[in-house]
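Breakdown of the fold
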Amino acid sequence: MTAPTILHATFTARPGEGDRVAALLADFAEGVRAEEGNVVFDATRLVDDPDRFFVYEVYRDEAAFQAHLASPAGVPFNEALQQLIVEPSSRLTFLRRI
C-alpha cells in the first residue's frame, strides 16, 4: 500500500489582511477538497492570533499531491496569498504517519 502524503502549512496575514486571507483560503479549500486524491484539507485560524493560519493536508499518495500542485487553481491562489502574508510563501512541514 502506498503511503499518504501528509503536511501542514503555516503563514501569517499582513496586518489588516486576516479576513481576506481567510476568504481566499476558504474558496481554495473548496476546490482542493474536490480533488480526486485529496483526503483532508483543514484550513484553520489560530484562536489566540487570528492573523496566523494552519492548514492540515492529506493526499492519497505522492502522485495525488503532485496532481494537487499542478492544479490550475494553485498558481493564482499562491500568487494572491503571497501578496497578503508576511512570509515570502507558506511554510510547509511534511509529516509521516506512525
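You'll find the structure just up there.
These notes cover the structure that comes with them. Just so it is clear, the structure is predicted and the values come from calculations on it, not from any experiment.

**Quick notes on the environment of Glu62**
Looking at the element boundaries, Glu62 is found in helix 2 (residues 62-69). On the basis of relative accessibility, which here comes to 41%, the residue Glu62 falls in the partly exposed class. Along the primary structure Glu62 and Thr2 are separated by 60 residues, whereas in three dimensions their C-alpha atoms are 8.5 Å apart. Beyond its immediate sequence surroundings of up to four residues, Glu62 is in contact with Ala3 and Thr5. One polar contact links Glu62 to Gln66, side chain to side chain, over a distance of 2.6 Å.

**Some details on the pattern of salt bridges**
Throughout the structure, instances matching the rule amount to five salt bridges. The salt bridge partner of Asp19 is Arg45, with a shortest N-O separation of 3.1 Å. Linking Asp19 in helix 1 (residues 18-33) with Arg45 in strand 2 (residues 38-45), this pair joins segments that are 26 residues apart in sequence. For the salt bridge of Arg60 with Glu36, the shortest nitrogen-to-oxygen distance reads 4.0 Å. Pair noted here: Arg60 is in the loop between strand 3 (52-59) and helix 2 and Glu36 is in the loop between helix 1 and strand 2, with a separation of 24 residues, a long-range link. A network of salt bridges, in which partner residues are shared, links Glu36, Arg60 and Asp61.

**As for the nonpolar core**
Formed by 19 residues in total, the largest nonpolar core has its most connected members in Phe11, Val21, Leu25, Phe41 and Tyr59. Going through the elements one at a time, strand 1 (5-12), helix 1, strand 3, helix 2 and helix 3 (74-84) are the ones with two or more residues in this core. Looking at this core, the element that brings in the most residues is helix 1, giving five residues. Setting aside its immediate chain neighbours within four residues, Tyr59 contacts Pro4, Thr5, Leu7, Val32, Glu35, Gly37, Asn38, Val39, Phe41, Ala64, Phe65 and His68.

Conventions we followed
Residues numbered from 1 in each chain as written. Predicted model: local features only at pLDDT ≥ 70, side-chain atom pairs only at ≥ 80, totals over all residues. Heavy atoms only, no water. Helix = DSSP H or I, 4+ residues; strand = E, 2+ residues; numbered from the N terminus. Buried < 20%, exposed > 50% of the residue type's maximum accessible area, 1.4 Å probe, protein only. Contact = heavy atoms within 4.5 Å. Polar contact = N/O pair within 3.5 Å; in protein donor to acceptor, adjacent residues only side chain to side chain. Salt bridge = Lys/Arg side-chain N within 4 Å of Asp/Glu carboxyl O. Core = buried A, V, L, I, M, F, W, Y, C linked by side-chain atoms within 4.5 Å.

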